[in-house]
There are 2 protein chains.
Amino acid sequence: MKTITLEDAAKRLLENDNFIVLMHSSPDGDAVGSAYGLCSVLRSIGKKANPLCGDKIPDCYSCVTDGFELEEFDGKFIVSVDLASTSLLNGNAEKYAEKVDLCIDHHFSNTGYAKEGYVDGNASSCAEIIKNLIDVMGLNITKYTANALFTGICTDTGCFKYSSVSPETHRIAADLMEKGAESSRICKIMFDTKTRAKLELEKMVLETLEYFGDGKIAFIQITDEAMKKSGADTGDTEGIASIPCQIKGVKIGITMKEKENGEYRFSVRTDGECDACRICGNFGGGGHKAAAGCSIFKEHDAAKADMISVCTAALGE
Amino acid sequence: MKTITLEDAAKRLLENDNFIVLMHSSPDGDAVGSAYGLCSVLRSIGKKANPLCGDKIPDCYSCVTDGFELEEFDGKFIVSVDLASTSLLNGNAEKYAEKVDLCIDHHFSNTGYAKEGYVDGNASSCAEIIKNLIDVMGLNITKYTANALFTGICTDTGCFKYSSVSPETHRIAADLMEKGAESSRICKIMFDTKTRAKLELEKMVLETLEYFGDGKIAFIQITDEAMKKSGADTGDTEGIASIPCQIKGVKIGITMKEKENGEYRFSVRTDGECDACRICGNFGGGGHKAAAGCSIFKEHDAAKADMISVCTAALGE
């Protein structure tokens, strides 16, 4: 992948048309906000642009997706946002894996799969980069775009809490609010709204809490049974992975979730000293230093033991 | 109380010496951050200044209070910060109730108890005002002061989530980070750290959840028994009051806490449409539109019924 400047990335977008903007599977707020935000800006100057995700976008992001209709056209210029690796493309997005013209991302672990790319691992979120990109393009940010990008920034920073937040992040948030971003409405939806089912699920998940490594590792499980009993859906599991690492004295928080076909999905959060990306890398996963994920295809107890063992080793590093 | 400008407030501070800076009882992050932040700035120009609170300051604010020693002197100029009413002064702070020279506050409900005052009800936090005040005074913000003020701003805005947050709030946060505020460390302590006891307490509190008013009112209780059983202390109850109002469809969230001497302390949170300050005003309490508190001195069931009844009425307004 040829590394290009933000100015060059802006040029590519201004020169081309008929954009497909790819999102990773299990899209989060940053993927959705970046893709929809970028598409809305491209459309505002008369270009055709569609976001594309192999998965259904969770309802909690309807404040971004509602009313944004897909257009009919053949994709000519393929952009990826917030996409560290093409292994994270699924469904009808997968066919573009080898055809990405421009990658815009903030993952240090970006695998360099595109023809050209702008990757800033120090940006809090991909949406933060998109905001700067729009400024470089000299285009206006509408209220819709401001809301989409604000959603990306606030969700990827745990509402401005993570170490990835810079003074620049806060100033961009301020700018987006002045462009109409409904900060408190978005934050309320993303961070301060729980369905009754989610609250029920959290209670059940807390019952599974176990400690390892002298209390430095906390482990919780989201079982199929808890999902069914609580009536929770996938969107309701959002944020649960951050619970174990919030406990005082815990350095690594693990969340194990039962999936279909013998897959167990692990979310690993750390205090920022232990490297979650490296822990998950042992199992073919990835992410950031303080937050990463991976899947293990083994029996329940074996999968759990493997993860605990790698995390225990990571404590000593 | 004579309303003065920020410039006049700055003048009073520069002209006087031997400051006592008063905080309200049950001090929160904004009270502590504002008082310690202001004192540290006054000390930096050779003046004597002590913060004063009738209550012990909770351990969770030790990142602000640690190493800040009290000086020996007779208070000559009395300042209050984040203090809506002198009825919130207790212990050894109470004796200054009639002697406040300068009040700096962000509560619309401020009762005007001081000789002179600067009250900006639109500021997200008192610490936000103190930051501007320091700029007007033309003084430098040290890393210590930046951390204290950042603590005030982030705690009083639920980490930049509430509707009180303006673009200005984010820009001030950015400035404070550039002055050395350790944003992610502070946020981690204030929002992402739970003792095991707190997690245990939360589980028990969730067991008490009840709905009223067609699910628009959610009610939880922090009983003495739960406090004892979980091993939680007062600091561990922080944030619990926001749980009921986070539930989808809930417009008013009530938290009832058993205190000594037949007192029940209520925290009321609303979706911002119902007026929490008015609800609590019925019982002699106060606060903001979306978050307020009060005490009721009655038997358990009667106190609870009174609050539910006032909240149910507020739903219809």
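Relevant structure appears above.
On a predicted model such as this, the values are computed, not experimentally measured, just so you know.

(A) A look at the overall build of chain A. A count of helices and strands for chain A gives 11 helices and 12 strands. Its C-alpha atoms give chain A a radius of gyration of 19 Å, near enough to 20 Å, the size a compact globule of 317 residues would have. Viewed in the frame of its principal axes, chain A has a C-alpha envelope of about 55 × 40 × 40 Å. Pairs at least 24 residues apart make up 65% of the contacts formed inside chain A by residues separated by at least 6 positions. Split by element, the accessible area of chain A, about 13,100 Å² in all, is 46% carbon and sulfur.

(B) Region of the structure containing the packing of aromatic side chains. Counting across every chain of the model gives 11 aromatic pairs over all chains. With a centroid separation of 5.6 Å and 75° between ring planes, the pair formed by Phe19(A) and Phe77(A) is classed as edge-to-face. Highlighted residues: Phe19(A) in strand S2 (residues 19-22) and Phe77(A) in strand S4 (residues 77-81), separated in sequence by 58 residues. For the pair Phe212(A) and Phe219(A), a centre-to-centre distance of 6.2 Å together with 85° between the ring planes defines the contact as edge-to-face. Residue class for Phe219(A) comes out buried when judged on its relative accessible area of 0%. Pairwise contacts between aromatic rings join Phe150(A), Phe160(A), Phe150(B) and Phe160(B) into one cluster. Sitting over the ring of Tyr211(B), Arg196(A) keeps its end group 3.4 Å from the ring centre.

(C) Summary view of the sheet that holds strand S2 (residues 19-22) of chain B. Residue and element names in this part refer to chain B. Reading across the sheet, the 6 strands line up as S1-S6-S5-S4-S2-S3 and stay open at both edges, with parallel pairing between neighbours. Two strands close off the open sheet at either side, each with one partner strand: strand S1 (2-3) and strand S3 (49-52). Seen against the sheet, helix H1 (residues 6-15) touches S2, strand S4 (77-81), strand S5 (102-105) and strand S6 (116-119) and runs at an angle of roughly 130° to S5. Strands S2, S3 and S4 of the sheet are contacted by helix H2 (residues 29-44), whose axis makes an angle of about 170° with S3.

(D) Just the pattern of salt bridges, in detail. Tallied over the full model, the rule gives 38 salt bridges over all chains. Here Asp175(B) makes a salt bridge to Arg171(A), at a shortest N to O gap of 2.8 Å. Of this pair, Asp175(B) sits in helix H6 (residues 167-178) while Arg171(A) sits in helix H6 (residues 167-178), which puts the two residues in different chains. Asp175(B) sits in the partly exposed class, given a relative accessible area of 28%. Its salt-bridge partner being Glu210(B), residue Lys304(B) comes within 2.7 Å of it at the nearest N-O pair. Linking Lys304(B) in helix H11 (residues 300-315) with Glu210(B) in strand S7 (residues 210-212), this pair joins segments that are 94 residues apart in sequence. Among the residues examined, Glu210(B) registers a relative accessible area of 29% and is labelled partly exposed. Put simply, Lys131(A), Asp135(A), Asp175(A), Glu178(A) and Arg171(B) are held in one network by salt bridges that share partners.

(E) Molecular detail of the interface of chain A and chain B. Contact residues are listed per partner, giving 38 residues for chain A and 38 residues for chain B. Only H6, helix H7 (183-191) and helix H8 (196-206) of chain A provide two or more residues apiece to the side of chain A that touches chain B. Examining the composition of the side of chain A that touches chain B, we find that 8 residues originate from one element, H6(A), more than from any other. Split by residue class, the side of chain A that touches chain B holds 18 nonpolar, 9 polar and 11 charged.

(F) Geometry of helix H11 (residues 300-315) of chain A. Residues and elements named next belong to chain A. Taking 1.5 Å of rise per residue, 16 residues should cover 22 Å, and H11 covers 23 Å from first to last C-alpha, within 8% of that figure. For H11, the set of buried residues is Ala-303, Lys-304, Met-307, Ile-308, Val-310, Cys-311 and Ala-314. Considered in projection along H11, the buried side chains sweep an arc of 165° and stay on one side of the axis. The inward-facing, buried residues of H11 contact strand S7 (210-212), strand S8 (217-222), strand S9 (252-258), strand S10 (264-270), helix H10 (276-281) and strand S12 (291-296).

(G) Structural view of the sheet that holds S7(A). Residues and elements named next belong to chain A. Here we have 6 strands laid out as an open sheet, ordered S7-S8-S9-S10-S12-S11, and mixed in their pairing. Across the chains shown, the open sheet's two edge strands, defined by having one partner strand only, are S7 and strand S11 (286-287). As defined by bridge partners, S8 adjoins S9 across 6 bridges and the pair is classed as parallel. Its bridge partner being in S9, Ile-217 is matched across the sheet by Ile-252.

(H) Fine view of the relation of the copies chain A and chain B. Taken as rigid bodies, chain A and chain B are interconverted by a rotation of 180° and an axial shift of 0.0 Å, the fit giving an RMSD of 0.1 Å. Here the two chains are linked by the operation of a two-fold rotation axis. With an isologous cut-off of 70% or more, the 100% of interface residues of chain A that recur at the interface of chain B puts this contact in the isologous class.

(I) Layout of the pairing of strand S6 (residues 116-119) of chain A. Residue and element names in this part refer to chain A. Where strand S1 (residues 2-3) and S6 come together, 2 bridges link them in parallel fashion. What sits directly across from Lys-2, in S6, is Glu-116. In this sheet, S6 lies alongside strand S5 (residues 102-105) in parallel orientation, the contact comprising 4 bridges. What sits directly across from Ile-104, in S6, is Tyr-118.

Here is what the cut-offs are and how they apply
In this numbering scheme, every chain counts its residues from 1 along its sequence in written order. Written order decides the labels, with chains lettered from A and ligands numbered from 1. A pLDDT threshold of at least 70 governs which residues receive local features in this predicted model, and a stricter bar of 80 or more applies before side-chain atom pairs are shown or counted, although totals over entire chains, interfaces and linings include all residues. Excluded from the side-chain calculations are hydrogens and water; all other atoms, namely the structure's heavy atoms, are used. By definition, any uninterrupted DSSP run of H or I lasting at least four residues is a helix, any uninterrupted run of E lasting at least two residues is a strand, and each is numbered from the N terminus. In this treatment the radius of gyration is a C-alpha quantity, and the globule benchmark scales as 2.2 Å times the residue count to the 0.38 power. The criterion used for residue contact is that any of the two residues' heavy atoms lie within 4.5 Å. Computed with a 1.4 Å probe, the accessible areas rest on the Shrake-Rupley method; for each residue, only the protein chains presented here act as cover. The criterion for an aromatic pair is that two Phe, Tyr or Trp rings (for Trp, the six-membered ring) have centres within 6.5 Å, with stacked assigned to planes under 30 degrees apart, edge-to-face to planes over 60 apart and tilted to the rest. Buried means the residue's accessible area, taken with a 1.4 Å probe over protein chains only, is under 20% of the maximum for its type, while exposed means over 50%, and partly exposed covers the values in between. Remark: a charge is flagged as sitting over a ring if the NZ atom of Lys or the CZ atom of Arg is within 6 Å of the ring centre and within 35 degrees of the ring normal. Here, a strand pair is defined by DSSP locating no fewer than two bridges between the strands. Between the N-to-C directions of two axes lies an angle of 0 to 180 degrees, each axis being a line fitted to C-alpha atoms and, for a helix, fitted only over the stretch in contact. Salt bridge, as used here: a side-chain nitrogen of Lys or Arg that lies within 4 Å of a carboxyl oxygen of Asp or Glu. Side-chain classes follow a simple rule in which Ala, Val, Leu, Ile, Met, Phe, Trp, Tyr, Cys and Pro form the nonpolar group, Asp, Glu, Lys and Arg form the charged group, and the remainder, Gly included, forms the polar group. An expected span of 1.5 Å times one less than the residue number is assigned to each helix. Working note: the arc is built from the helix axis to C-beta atom directions. Least squares is used to superpose the copies, and the fit set is the C-alpha atoms of residues whose pLDDT is at least 70 in both copies.

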